[in-house]
Amino acid sequence: MHIIWNIVALLIVLGTMVFIHELGHFLAARWAGVRVDKFSIGFGPALIKWHDKHNTQWQIAILPFGGFVSLYGQEDMFNRNKYNELPNKKRVGHYLSVPTWKQFIILAAGVFMNFILAWTLYSTLFIVKPQNVQLPVVGQVIQKSAAFDAGIRPGDIIMRVDGEKITNWGDLIIAKELADKHDADVILLRNEKLVNVKITPAERWGLIADGSKTEIRKRNFLTAIYAGARETYQQSKTLLTVLKQIITGERSSKQLGSFISIAEVSGHAMTLGILALLSIIALLSVNLGVINLLPLPVLDGGYLAILIIEGITRRKLDGRGMEIAIIIGWILIQALIMFTMWNDISRVFNLN
């Protein structure tokens, strides 16, 4: 029953994120005048399908781990001779029939919608749920820790870390993660005076919050919108930093999880209620948006990078070389999926 609950939660979370992402591509394509042949939630054979008045096939496929929007002629972007040989009536609605800037908008719209979804959900959560915020006031400093050696003392209020404003203890935790492996410049408020200290790299800073220093924060519409945007930005920045640290070896790649991890987190969130589930959807939507912006073939970011390079060089990138790059991109993505699956399987069955 527990596994079924996790699967249901996974389908809800993934379905929401994928639908919003692909809806971005779909709406942008319709706006640009590009024909949409298929809108699919999932991959493989269709379980349910229907056609709209524009003859777009909508479907829910058997493998729910992703989705796609099939645009008329998009596969010809690296074989423009095929497009040039088409008669004029066959070019109507073709992906290559619209200018490059419209192609850019179509490709970027999916990621844009993921960030909009996260922003909307975070803003909504800030409006409907007053937060009991743990203020960034130091309660204890562990002896001989990085923070103790830097001169931080109980009662200090953490104001900024590496230039980033700290408004609660959660911000401090994120800032500590971002500062991993390098000196962190910290601004404190001590006895109504600002004090600058530097914390050297350490696995733990050795700070414990003053549990009595909390604050109930209720936000109106405007402040919630701002807080939602800030949260979306902070989560995006954190993920990029973590990815960079994994690539450089500063952080273990075993932290990468697959659909199994997403199912577990989503299932737990669903047991806590709708607000917790919305929070997970917002966080994972940010992750999906950031990952899709990476300049790798087959990801939106890879295609966007190609358009940018073409715009700068005034040359079209096509031919067999680009087709090979796309194939390599697919292999890399599949290898990453298998690697993260192995991470989760190893964790679940304690194989490490």
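Definitions and cut-offs
- Residues numbered from 1 in each chain as written.
- Predicted model: local features only at pLDDT ≥ 70, side-chain atom pairs only at ≥ 80, totals over all residues.
- Heavy atoms only, no water.
- Helix = DSSP H or I, 4+ residues; strand = E, 2+ residues; numbered from the N terminus.
- Contact = heavy atoms within 4.5 Å.
- Core = buried A, V, L, I, M, F, W, Y, C linked by side-chain atoms within 4.5 Å.
- Buried < 20%, exposed > 50% of the residue type's maximum accessible area, 1.4 Å probe, protein only.
- Patch = residues over 30% accessible without salt bridge, like charges linked within 9 Å, V, L, I, M, F, W, Y side chains within 5 Å.
- Areas by Shrake-Rupley, 256 points an atom, 1.4 Å probe, with all protein chains shown as cover.
- Salt bridge = Lys/Arg side-chain N within 4 Å of Asp/Glu carboxyl O.

**What to know about the environment of Phe26**
Tracing the sequence through the fold places Phe26 in helix α1 (residues 2-32). For the pair Phe26 and Glu231, spaced 205 residues apart in sequence, the C-alpha to C-alpha distance is 27 Å. Excluding residues that lie within four positions of it along the chain, Phe26 makes contacts with Val36, Phe39, Thr56, Trp58 and Val69.

**Brief notes about the nonpolar core**
In globular proteins that are soluble, nonpolar side chains generally tend to be buried together. Counting residues in hydrophobic clusters, the biggest one holds 31 residues, and the most contacted among them are Phe26, Val34, Leu71, Phe78, Tyr95, Ile106 and Tyr303. Elements that contribute at least two residues to this core include exactly α1, β1 (36-51), β2 (57-71), α4 (100-128), α10 (300-313) and α11 (320-348). With six residues, the single largest contributor to this core is α1. By size, the runner-up hydrophobic cluster in this structure holds 25 residues, among which are Leu14, Ala118, Ile281 and Leu284.

**Points about a nonpolar patch on the surface**
Together, Phe43, Leu47, Ile48, Trp50, Ile60, Ile62, Leu63 and Phe65 make up a nonpolar patch on the protein surface, roughly 760 Å² of accessible area in all. Breaking the nonpolar patch down by element, the ones donating at least two residues are β1 and β2. Locating Phe65 in the fold gives a position in strand β2.

Shape descriptors only; they carry no functional weight alone.
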